[in-house]
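Listed here are the chains, written in short residue letters.
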Amino acid sequence: MIRKLTVQDHKTVMNFLSEEPSINLFIIGDIEAFGYETDFQELWGEFHEDGKLNAILLRYFESFIPYAKGEFDVQGFADLICNYSATPVMSGKASIVEQFEHVKGIELGPKKATFFAECRELTPINHTEYNIKIATIDNVDRILNLRMQIDEFSLSKEGRKMIVQDIENGTGRTYFIEDNNEIIACASTAAENSASAMIVGVCTHKNFRNNGLATAIMQKLIGDVLAEGRILCLFYDNPAAGRIYKRLGFQDIGKWTMYRKNKTTIKNK
């Protein structure tokens, strides 16, 4: 049976999700931030006959994240998704979301698969004397200036607003190193919740690379977040970056797949 979840289900839901807090980072964070009763966010649960929760589907606007610990009603979740969009944005644990690829009625967009890793214990690499600072809103423009110089980064129009909101709401932080008042390396968290946090935006200015700056920042950031009782997680698709993360204590726990919106091109007639 699939039914809509409410605040009365909260304890059951959180117990279910907390067994894999990294994989469920986004669902947990969205529940803590927005609850169960908003126009743009809804959650459904699939229950066994004995009343035990088996799977969860989150809708955030037209984006969906399903989660299950075994077999679940893929078609039932697909029917719910189609009530909102036949071309949804979908993401989640690869073994779960990839089951929707051949479901009738849903047209999934471009697919991107990445490795998903988590860190429960820091492995210090070395001691550094770098002056690592925590960003405030006053530092946001300098952070964006660095990120705009990184070829691998694709910045959205909402980039500045998102960083500011993370700082104001406590759902993200940025640690950085500066030189002559210019930020030359930084790393951020996003989607912080009571159980976990995602590391994003790790970068170093091209003129200061190979000096261990990003590694030093990561080491400081990981240590601080773990000390708060949270697990760190991140996506990566670059094997070289993966090796650095693993030296710091990250371990692969699976793959994460995202399907973006299809881009339509309107031709003039």
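Because the structure is predicted, anything quoted here is derived from the model rather than measured.

Draft legend 1. Geometry of the packing of aromatic side chains. With the rule as written, the count across this model stands at 18 aromatic pairs. Between Phe235 and Trp256 the ring centres are 5.4 Å apart and the planes differ by 40°, which places this aromatic pair in the tilted class. In this pair, Phe235 sits in strand β11 (residues 231-236) while Trp256 sits in strand β12 (residues 251-259), placing the two residues 21 residues apart along the sequence. Among the residues examined, Phe235 registers a relative accessible area of 30% and is labelled partly exposed. Ring-pair connections join several aromatic residues into one group, and the members of that group are Phe26, Phe116, Phe235 and Trp256.

Draft legend 2. Spatial organisation of helix α3 (residues 74-82). The set of residues buried in α3 consists of Val74, Gly76, Phe77, Ala78, Leu80 and Ile81. Here the buried face of α3 lies against β1 (2-4), β2 (41-47), β3 (53-60), β4 (63-68) and β5 (89-93).

Draft legend 3. Up close: the state of the cysteines. The full count for this structure, using the stated rule, is 0 disulfides. Looking at the unpaired Cys119, the closest cysteine sulfur is the one in Cys233, lying at 10 Å. Cys119 gets classed as buried once you look at its relative accessible area, which sits at 0%.

Draft legend 4. Here's a closer look at the environment of Asp224. Inspection of the secondary structure assignment puts Asp224 in helix α7 (residues 213-227). With 102 residues separating them in the primary sequence, Asp224 and Leu122 have C-alpha atoms 10.0 Å apart.

Draft legend 5. Here's a closer look at the environment of Pro124. Take Pro124: it is sitting in the loop between β6 (111-119) and β7 (133-134). The class for Pro124 is exposed, based on a relative accessible area of 58%. Taking the C-alpha atoms as reference, Pro124 lies 8.9 Å from Gly223; in sequence the two are 99 residues apart.

Draft legend 6. Local environment of the pairing of β3. β3 sits mainly inside the fold: 7 of its 8 residues count as buried. Relative to β3, β2 is paired through 7 bridges, and the arrangement is antiparallel. Within β3, the position partnered with Trp44 by the bridge is Leu57. As judged from the 6 bridges shared by β3 and β4, these two strands associate in the antiparallel manner. Counterpart to Ala55 in the pairing with β4 is Ala68. Linking β3 back to β4 in an antiparallel pair, the connection comprises 2 residues, with Phe61 at a positive phi of about 55°.

Rules behind the numbers
Residues numbered from 1 in each chain as written. Predicted model: local features only at pLDDT ≥ 70, side-chain atom pairs only at ≥ 80, totals over all residues. Heavy atoms only, no water. Phe/Tyr/Trp six-rings, centres within 6.5 Å; stacked < 30°, edge-to-face > 60°. Helix = DSSP H or I, 4+ residues; strand = E, 2+ residues; numbered from the N terminus. Buried < 20%, exposed > 50% of the residue type's maximum accessible area, 1.4 Å probe, protein only. Contact = heavy atoms within 4.5 Å. Disulfide = S-S within 2.5 Å. Pairing = 2+ DSSP bridges.

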